[in-house]
Amino acid sequence: MTLVGVDWGSSNLRAYRFGADGTVLERRESARGAARLQRSEFAGVLGETLEGWLEADTLVVLAGMVGARAGWHEAPYLACPADPDNLAAAALLVEDAPARCFIVPGLSAIGASGVANVMRGEETQILGSGREDGTIVLPGTHSKWARVEGGRITGFSTLMTGEMYALLRNNSLLGQLAEGDAADEDAFALGARRALDNPAGVLPLLFSARADVLLGSLSPQAVASYLSGLLIGGEVAAMREAAQDGLVLICNQMLAARYRVALAMAGTTDVTVIDGADAVARGLWRIGGLLK
């Protein structure tokens, strides 16, 4: 059997052709993300993307927003705790595909306080991280902080850090005085320190991004980094207990550098960084190998 994995997000898709031992033999990318397609277009886009890869015994495992309600076919959320065997058993067989295809379901979790959470796509990266126990963080638009115990995802929280940054930077009074998005390490550190030191949370601090500029203590060129520091610092402060024993970051190097700064301020220096594309490829391989 030949295995192909596809990480199909809202904005783009990444495809991986695996060798018999799980080595990625070839990668392909497309800008035709799930959010840009009509339901009737998915099969054609998949066939075009995987042209030359599909053989009689090829099995394709897909993860991400392709399985969302507005995607190709909805793969219902699977409740935590969950491991690769559970995800494979719940994977959705796609009938109208150019090959034998399965969509990996997302995960749901209900916290101790009754707050609901869902993820779709991140579960594949988490299970491809190589970690059987600990806290795994996926920074981004909707940051995920997941707990893994004995190779099972037992629960997770979502913090809308990236989306809040984009809204504040581009569509709020705070961003009107900002000039550019160049990185300013000192401004980021200032924002992160203030957020970590304020027990009332980030909300009472946000307006300082404007007030400090008007009073001359923050330059317009530093606003973007300061806002980023406030929000990432606020995220780390909210999840400080989960970070006490060290953690894994699955993200790019730029985001990792910023989270390392905020985490170090909170007393967490045991941080391992894993590339997201590598993690999702390993996760697709693990789950795909269990499909029947």
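You'll find the structure just up there.
Residues numbered from 1 in each chain as written. Predicted model: local features only at pLDDT ≥ 70, side-chain atom pairs only at ≥ 80, totals over all residues. Heavy atoms only, no water.

> Any chance you could explain the nonpolar core here in plain terms?
The nonpolar side chains of a soluble globular protein tend to be buried, and buried together. Counting residues in each nonpolar core, the largest one holds 33 residues, and the members touching the most others are Leu107, Ile126 and Ile153. At five residues, the largest contribution of residues to this core is made by helix 9 (residues 276-288). Once residues lying within four places of it in the same chain are set aside, the contact partners of isoleucine 153 are Cys80, Pro81, Ala82, Leu107, Glu123, Ile126, Leu127, Ala146, Arg147 and Val148. Leu13, Phe42, Leu46 and Ala99 belong to the second largest nonpolar core, which has 21 residues in total. (Core = buried A, V, L, I, M, F, W, Y, C linked by side-chain atoms within 4.5 Å. Buried < 20%, exposed > 50% of the residue type's maximum accessible area, 1.4 Å probe, protein only. Helix = DSSP H or I, 4+ residues; strand = E, 2+ residues; numbered from the N terminus. Contact = heavy atoms within 4.5 Å.)

> Could you clarify how one ought to interpret the pattern of salt bridges in this entry?
Between side chains of opposite charge, a pair can form as their charged atoms come close. For the structure shown, the criterion picks out 10 salt bridges. When the shortest N-O distance is used, the salt bridge between arginine 194 and aspartate 212 registers 2.9 Å. Within this pair, whereas arginine 194 is found in helix 5 (residues 185-197), its partner aspartate 212 is found in helix 6 (residues 208-214), the two being separated by 18 residues in sequence. By relative accessible area, which is 30% here, arginine 194 ends up partly exposed. Given a relative accessible area of 12%, aspartate 212 falls into the buried group. Here the salt bridges do not stand alone but share partners, grouping Arg17, Glu26 and Arg28 into one network. (Salt bridge = Lys/Arg side-chain N within 4 Å of Asp/Glu carboxyl O.)

> Would you mind showing me how to read the packing of helix 7 (residues 223-238) against helix 8 (residues 253-265) here?
Where helix 7 contacts helix 8, the two axes come as close as 9 Å, and the packing angle between them is 55°. Viewed along their axes, helix 7 and helix 8 adopt a mutual orientation that is oblique. Note that helix 7 runs across helix 8; the crossing there is right-handed. Contact with helix 7, carried on its side by Ser225, Ser228, Ile232, Gly233, Glu235 and Val236, involves Arg258, Tyr259, Ala262 and Leu263 of helix 8 and no other residues of that element. In the contact of helix 7 with helix 8, the residues fall into five nonpolar, three polar and two charged. (Axes fitted to C-alpha atoms, helices over the stretch in contact; angles between N-to-C directions. Parallel < 35°, antiparallel > 145°, perpendicular 65-115°, else oblique. Left-handed = near helix turned anticlockwise from the far one by under 90°. Nonpolar A, V, L, I, M, F, W, Y, C, P; charged D, E, K, R; others polar.)

> Sorry, what's going on with helix 9 here?
Every α-helix carries 3.6 residues per turn, so stepping three or four residues along brings you back to the same face. With 13 residues, helix 9 should reach 18 Å at 1.5 Å per residue; the first-to-last C-alpha distance of 18 Å fits that figure. Those residues of helix 9 not exposed but buried are Gly276, Ala279, Val280, Ala281, Gly283, Leu284, Ile287 and Gly288. Of the residues that open helix 9, the one with a side-chain oxygen 3.1 Å from the backbone nitrogen of alanine 277 is aspartate 275. (Expected span 1.5 Å × (residues − 1). Polar contact = N/O pair within 3.5 Å; in protein donor to acceptor, adjacent residues only side chain to side chain.)

> Looking at this structure, how should I read the pairing of strand 11 (residues 143-149)?
Successive residues of a regular strand alternate their side chains across the two faces of the sheet. For strand 11, the tally of buried residues reaches five of seven residues, placing the bulk of the element in the interior. Sheet topology note: the strand 10 (residues 134-138)/strand 11 ladder contains five bridges and is antiparallel. Residue leucine 138 lies in a different strand from strand 11, and its bridge partner there is lysine 144. Two successive antiparallel strands, strand 10 and strand 11, enclose a turn made up of four residues, where glycine 140 displays a positive phi of approximately 160°. (Pairing = 2+ DSSP bridges.)

> Explanation requested: the pairing of strand 1 (residues 2-8) in the structure shown.
Burial runs high along strand 1: seven of the seven residues are buried. Alternating residues of strand 1 divide into Thr2, Val4, Val6 and Trp8 and Leu3, Gly5 and Asp7, and every residue in both groups is buried. Pairing of strand 1 with strand 4 (residues 58-64) involves seven bridges; the strand directions are parallel. By the bridge assignment, threonine 2 is partnered in strand 4 with threonine 58. Examined bridge by bridge, strand 1 and strand 2 (residues 13-18) share five bridges and lie antiparallel to one another. In the sheet register, tryptophan 8 faces strand 2, and the bridge partner there is leucine 13.

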